[in-house]
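# Observations on the three-dimensional arrangement
The residues making up each chain are set out below.
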Amino acid sequence: MAMKFTQFDEQLNQLKERIKPLRQQIIDHNVYAAINTPEDLTVFMRYHVYAVWDFMCLLKALQHRLTCTSVPWFPVGNPNTRYLINEIVVGEESDIDANGLRKSHFELYLEAMKKCNADTLGIETFLASLKANQSLEAAYNAAGAPKPVRDFVDFTFAVIASQKNHVLAAVFTFGREDLIPAMFLSMVNDIHKDFPDNVSLFKYYLERHIEVDGGHHSQLALEMTATLCGNNPVCWEEAERATIQCLNRRIDLWDGAYKAISQTRRGQAIR
């Protein structure tokens with residue numbers, strides 16, 4: 001059933017128009033064209049996996065703030081918003097893989113990395129450090145995370161720490177759910193044409209996001225953001241400002257991945 005939020009169409013369209021140049025810059029980024037070999041792809045994935053992980057953190061922060069996730073249970077917030085976020089969580093945290101098995105999108109991405117022979121030590125060390133109650137900074141250092149990765153994740157956690165539901169929702173919607181399908185379309189056709197079978201799982205990950213986020217989830221996220229911003233112009237201004245910052249961090253992340261691919265290629269040529 002199509003979502004209806006025509007009451008806030010004007011605000012949503014205005015925000016979309018203002019972020020359009022940044023959004024297009026991400027969709028047209030040269031990092032996609034730079035991925036010409038399986039080795040290039042593994043470099044890209046070592047950067048991107050952190051964004052896949054912190055997406056889940058942003059999502060779970062929204063669920064924590066917009067629903068009741070503790071005991072004793074009490075009804076929290078707007079029932080429609082509760083439905084929206086829970087529906088998205090189900091799809092992201094327990095989707096199906098190519099074999100019909102339940103997995104989160106992050107677990108699916110890790111499997112894709114391993115099948116592509118991409119090094120997962122960095123992200124696994126990062127997560128192990130966090131599980132050991134170390135700070136983000138300590139986890140970055142242990143994992144050797146590059147600066148664009150650190151800046152990207154730091155921004156996500158700053159948004160979470162703001163405890164502003166409308167800001168979390170806007171970043172989630174316009175910096176992730178509404179952006180990802182168009183972004184991944186820039187990759188999936190070339191991967192299908194030029195890459196061997198060992199990237200098939202990564203291709204499935206991309207196609208699954210295009211399918212799910214491109215329709216149902218993006219509509220849910222748009223309604224959630226519109227509901228939370230409501231008729232408050234300050235909320236819409238804060239949502240726009242945070243979205244612009246989020247998109248700039250994505251550009252920086254892609255710039256970092258592009259530079260790393262170029263440097264790796266030059267190093268291989270020298271050897």
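Residues numbered from 1 in each chain as written. Predicted model: local features only at pLDDT ≥ 70, side-chain atom pairs only at ≥ 80, totals over all residues. Heavy atoms only, no water.

### Concerning the pattern of salt bridges
Side chains carrying opposite charge are able to pair once their charged atoms draw close together. Tallied over the entire structure, the rule returns 12 salt bridges. The residue Asp178 makes a salt bridge to Arg23 at a minimum N-O spacing of 4.0 Å. One end of the pair, Asp178, is in the loop between α9 (165–177) and α10 (180–194); the other, Arg23, is in helix α1 (residues 9–27), and 155 residues separate them in sequence. Asp178 gets classed as buried once you look at its relative accessible area, which sits at 19%. What you see here is one network of salt bridges that share partners, running through Asp97, Lys103 and Glu111. (Salt bridge = Lys/Arg side-chain N within 4 Å of Asp/Glu carboxyl O. Helix = DSSP H or I, 4+ residues; strand = E, 2+ residues; numbered from the N terminus. Buried < 20%, exposed > 50% of the residue type's maximum accessible area, 1.4 Å probe, protein only.)

### Thoughts on empty space enclosed by the protein
A probe matching the size of a water molecule, rolled over the atoms, marks out where space remains unfilled. Scanning all chains against the criterion turns up two cavities of 30 Å³ or more. Each pocket or cavity is described by its volume, and for the largest cavity that value is around 80 Å³. For the largest cavity, the full set of lining residues is His48, Ala51, Val52, Phe55, Glu92, His105, Arg176, Ile180, Phe184, Tyr205, His209 and Arg250. For the lining of the largest cavity, the secondary-structure elements that each account for two or more residues are α3 (38–66), α10 and α11 (200–229). (1 Å grid on protein atoms, 1.4 Å probe; cavity = no way out; pocket = protein on both sides within 12 Å on 5 of 7 lines; lining within 4 Å. Points joined across faces, edges and corners; volume = space filled by probe spheres on them.)

### Digging into the environment of Ala257
On the secondary structure map, Ala257 appears in helix α12 (residues 233–270). Spatially, the C-alpha atoms of Ala257 and Glu177 are 21 Å apart, while their sequence positions differ by 80 residues. Ala257 has contacts with Val31, Val43, Phe44 and Tyr47, leaving out every residue within four places of it along the chain. (Contact = heavy atoms within 4.5 Å.)

### Some points on unusual backbone geometry
Put simply, Val71 and Pro72 share a cis peptide bond, and its omega is 5°. Its location among the elements puts Pro72 in the loop between α3 and α4 (79–93). The residue Asn117 is not glycine, and still its phi comes out positive at about 65°. Following the sequence through the fold, Asn117 ends up in the loop between α5 (105–115) and α6 (121–131). Taking the relative accessible area as the measure of exposure, Asn117 reaches 64% and is therefore exposed. The phi dihedral of Asn133 is positive, around 70°, even though this residue is not glycine. On the secondary structure map, Asn133 appears in the loop between α6 and α7 (136–143).

### Some words on the side chain of Glu240
With respect to the helices, strands and loops of the structure, Glu240 is situated in helix α12. For Glu240, the contacting residues outside a window of four places in its chain are Leu15 and Arg18.

### Structural notes on the packing of α3 against α4
The N-to-C vectors of α3 and α4 enclose an angle of 150°; their axes lie 10 Å apart at closest approach. Classified by the interaxial angle, the pair formed by α3 and α4 is roughly antiparallel. The two elements α3 and α4 meet at a crossing, and its hand is left-handed. Listed contacts from α4 to Phe55, Met56, Leu59, Lys60, Leu62, Gln63 and Leu66 of α3 are Thr81, Arg82, Ile85, Asn86, Ile88, Val89, Glu92 and Glu93. (Axes fitted to C-alpha atoms, helices over the stretch in contact; angles between N-to-C directions. Parallel < 35°, antiparallel > 145°, perpendicular 65-115°, else oblique. Left-handed = near helix turned anticlockwise from the far one by under 90°.)

### Here we look at the packing of aromatic side chains
Taken as a whole and judged by the stated rule, the model has 11 aromatic pairs. A ring pair is formed by Tyr109 and Phe202, whose centres lie 5.9 Å apart and whose planes are at 80°; its orientation type is edge-to-face. Residue Tyr109 is located in helix α5, and its partner Phe202 is located in helix α11; the two are separated by 93 residues in the primary sequence. As far as the burial class goes, Tyr109 and Phe202 line up, both buried. (Phe/Tyr/Trp six-rings, centres within 6.5 Å; stacked < 30°, edge-to-face > 60°.)

### Notes on α6
Within α6, burial applies to Gly122, Ile123, Phe126, Leu127 and Ser129. The arc that holds the buried residues of α6, viewed along the axis, is 155°, so those residues lie on one side. The exposed set on the far side of α6, more than 90 degrees from its buried face, consists of Leu121 and Lys131. Contacts made by the buried residues of α6 are with α3, α5 and α7. Backbone geometry just after α6 places Asn133 at a positive phi near 70°. (Arc of directions from axis to C-beta.)

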